[in-house]
Amino acid sequence: MDKKKVIIIGGGISGMTTGIYLQINGYDTEIVEKNADYGGACTGWERKGCYIDGCIHWMTGVNPGSSYYDLWRDTHALTDDTEIYFQEDFAFFDFGDGRTFTVWADADKLEKELVAFAPEDEKEIRRFCKIVRRFQRIEGPVNKPVDQMGLGQLLKVAFTMGGDLYWVSKMSKISCSDYARKFKNKDLRSFFEGYMAPGYNLMSMLYMLAHVTAHNGGIPLGGSKPLTERMAARYTSLGGRFRLSSEVEKVRIENNRAVGAELKSGEFLPADWVVSSTAAEHCLKKLLGGKYAVKKIDERLADMKNYPIYTYTTVAFKCSADVSDKPLGAHLHMKEPIVFDRDYHSVTFRNYSYDKTMKRPDGCVVIQAGILGGDGMYYWWKDKKEKGTYREEKEAFGRKMLELAVRKYPELADKLEVIDVITPCTYERYLNSRHGSFQGFVHTSEGKTLSEKGVIKGLDNFLLSGQCIFHSGGMPPAAITGRFAAQRICKKDGVRFRYDEKGRTK
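Calculation criteria
Residues numbered from 1 in each chain as written. Predicted model: local features only at pLDDT ≥ 70, side-chain atom pairs only at ≥ 80, totals over all residues. Heavy atoms only, no water. Helix = DSSP H or I, 4+ residues; strand = E, 2+ residues; numbered from the N terminus. Rg over C-alpha atoms; globule rule 2.2 N^0.38 Å. Buried < 20%, exposed > 50% of the residue type's maximum accessible area, 1.4 Å probe, protein only. Contact = heavy atoms within 4.5 Å. Areas by Shrake-Rupley, 256 points an atom, 1.4 Å probe, with all protein chains shown as cover. Lys, Arg positive; Asp, Glu negative; His and termini not counted. Charge placed at Lys NZ, Arg CZ, Asp CG, Glu CD. Expected span 1.5 Å × (residues − 1). Salt bridge = Lys/Arg side-chain N within 4 Å of Asp/Glu carboxyl O. Phe/Tyr/Trp six-rings, centres within 6.5 Å; stacked < 30°, edge-to-face > 60°. Pairing = 2+ DSSP bridges. Polar contact = N/O pair within 3.5 Å; in protein donor to acceptor, adjacent residues only side chain to side chain. Axes fitted to C-alpha atoms, helices over the stretch in contact; angles between N-to-C directions. Parallel < 35°, antiparallel > 145°, perpendicular 65-115°, else oblique. Left-handed = near helix turned anticlockwise from the far one by under 90°. Nonpolar A, V, L, I, M, F, W, Y, C, P; charged D, E, K, R; others polar. Disulfide = S-S within 2.5 Å.

## Concerning the overall build of the protein
Consideration 1: Looking only at helices and strands, the protein features 15 helices and 20 strands.
Consideration 2: For the protein, the C-alpha radius of gyration of 23 Å lies close to 23 Å, the compact-globule estimate for 506 residues.
Consideration 3: Each of the three principal axes of the protein carries a C-alpha extent, and together these read 70 × 55 × 45 Å.
Consideration 4: Out of the 506 residues belonging to the protein, those deemed buried represent 57%.
Consideration 5: If you take every contact in the protein between residues at least 6 apart in sequence, the share linking residues at least 24 apart comes to 71%.
Consideration 6: When the accessible surface of the protein is split by element, carbon and sulfur atoms take 50% of a total near 22000 Å².
Consideration 7: Seen as two clouds, the 75 positive and the 66 negative side-chain charges of the protein have centres 5 Å apart.

Shown next, in the form of structure tokens:
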């Protein structure tokens, strides 16, 4: 019997995960990627002989006890020889005039640090750290979609997470900004207001800190590019094929059934199934021509207030000095703001000297300086593109960040060189993403959690996958939805889903 053919649009984490599991389960798959390389948002590139990592700041699921760990091992995102770096100083905050504290990757140490910094807020600090510890044990089901679970599995999930769902729900309805008002110390208020993207709910912050302090958030040495190379090698070793530098123009539909993909070159790729792991808006409006609706996604796309995105404007420096004594991630408060669509008073410096694989033979390393923004930042840069001043504004931003870096670290004068500037328009061009987002919708206190099946009503043999349909995005949701897409196809076709070549099932 001939193998069923599946075209997967998009070669990022989600697309490759779908391809890997479908190849294991006997399908013939081809990943079609618009760019010259795979990886999607999980990428890295070279500038002036330096490697610039474009994705992994920390990665959930590196602990073998985590529910995500098997997923990373199945896809070879993590292998036996992948070395994980666990940073003790997860983030360093400098508010000026000697007012600093460190967010330690240890809940007890973090609590002690914050109490020493703001003793007037001891009671609320201890309460916050207690909730962080509670969130350490919270992990959603990732082995299979909830709608495919049997009664026994559902009861197990309910028993495991029943008490935690109360806290997840409660913290989801509190914004970081509102929570910040509980603190008397102005710098702690600034920390809670500005650490996450504007509008973020407290649950997201707790979830992040919980994984880090539980030793389940680390960084694979080598960064994003080697990780996607391992996944790509896994995919092709199973017989999967990449078609790079090939952009899909639209999904061909006959009698409300997806039958393949039409490329911009005019070539048609027939298929029994089509999976789109591209940005949801791009898929719905462009690839499907706006003919099909997904209510929950359409509602979020129309409501930027409750469902904004987040993005970055980043400068990459080549640094010829030894900066191993500097924090890995330093969040600096600026009295004089950087102005885009609004005033930005915080910039994050990320120091890559911790990763021995990223150092050049001459000892040079990369430092990145970034400012986190949202829809407004994207529109600001888009306006500059339309007016023809985009390049000049990028160069001006690079100079501003260089001045700021030297002001903060005078010993680096003449040791830093701007080698790249990344804007929301960069993400939009590379990912076809909404307003230059590199993840999904921001988890606001007024918004609702998104968990879409990827099934589009009225359209057969087609699935959406990717971080845009599952919570607030990131690498785990991308991989989870990729596996779920493969599982849904297998179930629809009556194929017993296997996790590896040896027939392992769960």
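Next, the rest of the story.
## Some points on helix α1 (residues 13-24)
Consideration 1: Over its 12 residues, α1 runs 17 Å from end to end, which matches the ideal 16 Å to within 8%, given 1.5 Å per residue.
Consideration 2: Most of α1 is tucked away, with 12 of its 12 residues classed as buried.
Consideration 3: Among the residues of α1, I13, S14, G15, M16, T17, T18, G19, I20, Y21, L22, Q23 and I24 are the ones counted as buried.
Consideration 4: Positive backbone phi, approximately 90 degrees, marks G26, located one or two places after α1.

## Concerning the pattern of salt bridges
Consideration 1: A complete count under the given rule lists 32 salt bridges for this structure.
Consideration 2: Residue R243 is joined to E267 by a salt bridge in which the shortest nitrogen-to-oxygen separation is 3.0 Å. Remark: E267 occurs in the loop between β12 (258-263) and β13 (268-270) and R243 occurs in strand β10 (residues 241-243); sequence separation between them is 24 residues.
Consideration 3: For R243, a relative accessible area of 22% translates into the label partly exposed.
Consideration 4: With a relative accessible area of 35%, E267 lands in the partly exposed category.
Consideration 5: Residue K384 pairs with D383 through a salt bridge whose shortest N-O separation is 3.2 Å.

## Points about the packing of aromatic side chains
Consideration 1: This model, assessed by the stated rule, comprises 37 aromatic pairs.
Consideration 2: Centroid distance Y310 to F438: 5.3 Å. Interplanar angle 40 degrees. Geometry classified as tilted. Taken together, the residues span a long stretch of sequence, with Y310 in the loop between α11 (295-301) and β15 (311-319) and F438 in the loop between α14 (424-431) and β20 (462-464) at a distance of 128 residues. Note on accessibility: Y310 and F438 belong to one class, buried.

## Description of the pairing of β12
Consideration 1: Of all 6 residues that make up β12, 6 are buried, and the element is covered over most of its length.
Consideration 2: Here strand β11 (residues 248-253) runs beside β12; their pairing, made up of 5 bridges, is antiparallel. Each bridged residue has a counterpart across the sheet, and for I253 the counterpart in β12 is A258.
Consideration 3: The hairpin turn running from β11 into β12, its antiparallel successor, is 4 residues long, and N255 in that turn takes a positive phi close to 55 degrees.
Consideration 4: One ladder, built from 3 bridges, connects β12 with β13; its direction is antiparallel. Across the sheet, the residue bridging to A261 is L269, located in β13.

## Brief notes about the environment of N201
Consideration 1: Tracing the backbone shows N201 in the loop between α7 (186-194) and α8 (202-213).
Consideration 2: Look at N201 and you get buried, because its relative accessible area is 2%.
Consideration 3: The spatial distance from the C-alpha of N201 to the C-alpha of L431 is 26 Å, given a sequence separation of 230 residues.
Consideration 4: Those residues in contact with N201, other than ones at most four positions away along the chain, are M171, S172, I174, S175, C176, H443, T444 and S445.
Consideration 5: At 3.3 Å, the side chain of N201 and the backbone oxygen of S172 are in polar contact.

## Focus on the packing of helix α3 (residues 107-117) against helix α4 (residues 122-135)
The relative placement of two packed helices comes down to the angle between their axes together with the axis-to-axis distance.
Consideration 1: At their nearest, the axes of α3 and α4 sit 9 Å apart, and the two run at 165 degrees to each other. In terms of orientation, α3 lies roughly antiparallel with respect to α4. By crossing handedness, the relation of α3 to α4 is classed as right-handed. Across the interface between the two elements, A107, D108, L110, E111, L114 and V115 from α3 touch E122, I125, R126, C129 and R133 from α4.
Consideration 2: Residues of the contact of α3 with α4, tallied by class, amount to 6 nonpolar, no polar and 5 charged.

## So, the sheet that holds β11
Consideration 1: Pairing is antiparallel in the open sheet, where 3 strands are placed in the order β11-β12-β13. Edge positions in the sheet fall to β11 and β13, since each of these pairs with one other strand and no more. Put simply, the sheet's adjacent strands are angled 25 degrees from each other on average, direction ignored.

## Overview of the sheet that holds strand β16 (residues 329-339)
Consideration 1: The 7 strands are arranged β8-β7-β16-β17-β18-β15-β19 in an open sheet whose pairing can be described as mixed. Two strands lie at the open edges of the sheet, namely β8 (100-104) and β19 (416-422), each paired on one side alone. For this sheet, the mean angle separating the axes of adjacent strands, direction not counted, is 25 degrees.
Consideration 2: In the sheet, strand β7 (residues 89-94) pairs with β8 via 5 bridges, with the strands oriented antiparallel. From the neighbouring strand, A91 faces β8, where its bridge partner is V103.
Consideration 3: Against the sheet, helix α12 (residues 375-387) touches β15, β16, β17 (343-351) and β18 (365-373), its axis set at about 70 degrees to β15.

## Focus on the state of the cysteines
Consideration 1: On inspection of all chains with the given rule, the structure shows 0 disulfides.
Consideration 2: We note that C50 lacks a disulfide partner, and the nearest cysteine sulfur, in C364, lies 6.0 Å from it.
Consideration 3: Summary of cysteine pairing: C283 is not part of a disulfide, and the nearest cysteine sulfur, belonging to C468, is at 10 Å.
Consideration 4: The exposure class assigned to C283 is buried, which follows from its relative accessible area of 0%.

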